[in-house]
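Analysis of the macromolecular model
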2 protein chains.
Amino acid sequence: MRKVFLAELQTIGEELINLSQLVAEAMERAYDSFANADTQLAQEVIAADARVDFLQNKLDEQAIDVLALQGPVASDLRMIVGSLRMSASLERMGDLARHIAQLTRLRFPDKVIPDSLTETFASMADLNIQIATKLGELLETRDLNKAAEIITLNKQIDELHASVFKAIADDSWTEDAPTTTDVTLASRYMERFGDHGVSVARKVNYLVTGEWEPQVD
Amino acid sequence: MRKVFLAELQTIGEELINLSQLVAEAMERAYDSFANADTQLAQEVIAADARVDFLQNKLDEQAIDVLALQGPVASDLRMIVGSLRMSASLERMGDLARHIAQLTRLRFPDKVIPDSLTETFASMADLNIQIATKLGELLETRDLNKAAEIITLNKQIDELHASVFKAIADDSWTEDAPTTTDVTLASRYMERFGDHGVSVARKVNYLVTGEWEPQVD
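Residues numbered from 1 in each chain as written. Chains lettered and ligands numbered in written order. Predicted model: local features only at pLDDT ≥ 70, side-chain atom pairs only at ≥ 80, totals over all residues. Heavy atoms only, no water.

1. Description of the relation of the copies chain B and chain A
Between chain B and chain A, which share one sequence, the superposing operator has a rotation angle of 180° and an axial displacement of 0.0 Å; the RMSD is 0.0 Å. Read as a symmetry element, the transformation amounts to a two-fold axis. Here 100% of the interface residues in chain B have copies in chain A that are interface residues too; the copies meet face to matching face. (Least-squares fit on C-alpha atoms with pLDDT ≥ 70 in both. Contact = heavy atoms within 4.5 Å.)

2. Brief notes about the UniProt feature "domain: PhoU" (unreviewed entry) in chain A
Residue and element names in this part refer to chain A. Here, UniProt's "domain: PhoU" (unreviewed entry) annotation points to residues 18-103 and 123-204. Between the end C-alpha atoms of residues 18-103 the distance is 26 Å, and the span holds 93% helix and 0% strand. Helix makes up 88% of residues 123-204 and strand 0%. Its end C-alpha atoms lie 26 Å apart. (UniProt positions renumbered as here; feature names shortened; annotations may be inferred. Helix = DSSP H or I, 4+ residues; strand = E, 2+ residues; numbered from the N terminus.)

3. Examining unusual backbone geometry
Trans peptide bonds make up most of the peptide bonds, and negative phi angles are found at most residues other than glycine. Pro109(A) follows Phe108(A) through a cis peptide bond whose omega is 5°. With respect to the helices and strands, the residue Pro109(A) is situated in the loop between helix 3 (74-107) and helix 4 (118-141). One non-glycine residue with positive phi stands out, namely Ala74(B), at about 50°. Position of Ala74(B) among the secondary structure elements: in helix 3 (residues 74-107). Owing to a relative accessible area of 54%, Ala74(B) belongs among the exposed residues under this scheme. In this structure, Arg142(B) takes a positive phi of about 60° despite not being glycine. (Buried < 20%, exposed > 50% of the residue type's maximum accessible area, 1.4 Å probe, protein only.)

4. Considerations on helix 2 (residues 39-70) of chain A
The end-to-end C-alpha distance of helix 2 of chain A is 47 Å, a good match for the 46 Å that 32 residues give at a rise of 1.5 Å each. Sitting at the amino-terminal end of helix 2 of chain A is Asp38(A), which places a side-chain oxygen 3.2 Å from the backbone nitrogen of Gln40(A). (Expected span 1.5 Å × (residues − 1). Polar contact = N/O pair within 3.5 Å; in protein donor to acceptor, adjacent residues only side chain to side chain.)

5. With respect to the pattern of salt bridges
In this structure the tally under the stated criterion is 29 salt bridges over all chains. One salt bridge connects Asp176(A) with Arg107(A), and the closest N-O pair in it is separated by 3.9 Å. Pair noted here: Asp176(A) is in the loop between helix 5 (145-169) and helix 6 (177-209) and Arg107(A) is in helix 3, with a separation of 69 residues, a long-range link. Accessibility expressed as a relative area gives 41% for Asp176(A), which makes it partly exposed. Since its relative accessible area comes to 16%, Arg107(A) is described here as buried. Linking Lys58(B) and Glu15(B) is a salt bridge whose minimum nitrogen-to-oxygen distance equals 3.7 Å. (Salt bridge = Lys/Arg side-chain N within 4 Å of Asp/Glu carboxyl O.)

6. Here's the deal with the environment of Val112(B)
Residue and element names in this part refer to chain B. Residue placement: Val112 occurs in the loop between helix 3 and helix 4 (118-141). Each C-alpha atom, one on Val112 and one on Asp182, is 6.5 Å from the other, the two residues being 70 residues apart in sequence. Not counting residues within four places of it along the chain, the set of residues in contact with Val112 comprises Phe34, Leu103, Thr104, Arg107, Thr179, Asp182 and Val183.

7. Quick look at the packing of aromatic side chains
Residues and elements named next belong to chain A. Under the counting rule described, the total for this entry stands at six aromatic pairs over all chains. An angle of 10° between the planes, with centres 4.4 Å apart, marks the rings of Tyr206 and Trp212 as stacked. Under the relative-accessibility criterion, Tyr206 is labelled partly exposed at 22%. Here the aromatic residues Tyr31, Phe34 and Phe121 are joined through ring pairs into a cluster of three or more. (Phe/Tyr/Trp six-rings, centres within 6.5 Å; stacked < 30°, edge-to-face > 60°.)

8. Structural notes on a negative patch on the surface
On the surface, Glu25(B), Glu28(B), Asp32(B) and Asp38(B) cluster together into a negatively charged patch. When you line up the elements, Asp38(B) lands in the loop between helix 1 (2-35) and helix 2 (39-70). (Patch = residues over 30% accessible without salt bridge, like charges linked within 9 Å, V, L, I, M, F, W, Y side chains within 5 Å. Areas by Shrake-Rupley, 256 points an atom, 1.4 Å probe, with all protein chains shown as cover. Lys, Arg positive; Asp, Glu negative; His and termini not counted. Charge placed at Lys NZ, Arg CZ, Asp CG, Glu CD.)

9. Brief notes about helix 3 of chain B
Here helix 3 of chain B is 34 residues long and its end C-alpha atoms lie 50 Å apart, about the 50 Å a rise of 1.5 Å per residue gives. With respect to burial, helix 3 of chain B is a largely interior element, 27 of its 34 residues being buried.

10. Comments concerning the interface of chain B and chain A
Interfaces are often sized by the accessible area lost when the parts come together. Opposite the 29 residues of chain B that make contact, chain A presents 29 residues. Here chain B and chain A share an interface that buries about 2400 Å² over both sides, 61% of which is from carbon and sulfur atoms. By the criterion of area lost to chain A, the three top residues of chain B are Arg78(B), Arg85(B) and Arg188(B), representing 22% of everything that side buries. Viewed at the interface, chain A and chain B are joined by four salt bridges. One salt bridge in this structure joins Glu61(B) and Arg78(A), with 2.9 Å as the shortest N-O distance. Those elements that provide at least two residues to the side of chain B that touches chain A are helix 2, helix 3, helix 5 (145-169) and helix 6 (177-209) of chain B. Counted by class, the side of chain B that touches chain A contains 16 nonpolar, six polar and seven charged residues. (Buried area = accessible area lost by both parts, 1.4 Å probe. Nonpolar A, V, L, I, M, F, W, Y, C, P; charged D, E, K, R; others polar.)

Quick look at the structure:
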């Protein structure tokens, strides 16, 4: 019975890793579509999000089956319930990548982001891809330094997000109102993606150590 | 044993109703602070959100205890797992009301919303308060007509949210860029609050009928 349970727990773990990789890829492709006003790629990102949603539902059903058939307690139970929370965050990260791709489509043939913010958004996307990639590694290796690294990366995103608002409030900002709206939304989506990454990282840290805040070696 | 379980299930149900009422109140007060540039009230809304977070954690711990001690299966198990999902949505609704109150503080002494959009935001707030109030009724009575009503109310919010973007894109829009950003964020927060309300309503409908889409009488 225990052997079956451990195998099921491992399957759920692998699916969380798989979801992390899918959302890292979604962010990478969403940003490419966004930076290059590539609606074809944007459409692919939008379509691919259905796979993330499907995998989340599958994972949740498996977790419920494990709860019903194995009746886990203590740390095993917390691991399963934690998986439900983590899958929800990862699904949401997929949605946010999709929203970025949707902005690309709405704005075509123009680019969403004015030249003055290209580097800022490139950095936010890069940090988010790193976060999602490290999440996969954290889930695989339980190396809690990765959790601390994810939190640090997210702080950099928060600073970039604040810098976008500062740029918008500056006298030198001459973009039209719809561009201001799109930039605001895109920055918010980037920021939320990182936040969800941190939620998952903290959850893993909590499940392993009982503490929410990772300690750095 | 069954009696204990039913009592615990009822407690969890009551806590979900309580959370719905708290987030309805949070939206009402957040909107009042926002419409009147009342930073004192905004501060109260921000402080009160800690209570929502606390109650969500408490509810989740109780749900985990029930899973561990009672080992529920079938529909009971789904109800408990569904409660974890619903509490997460309600907690997020509290966050969004807090975000609206935070905009009030950031913008003080000015109002966040220009006069031309006062009515639109008043309607969005009113629809969201109705959604959160009806969620409490739905959780209490299991009257699935309420779920259908919540979905209809949310469609009206989506239309108002789209109308905000239309106003921003119109030639008559003369607000400065930071106002455009605040209006964009506030509208997004309103829209997401309603979406989370719909998630909870669909979850209740699913738990009662096995179908996600409520049928209207």
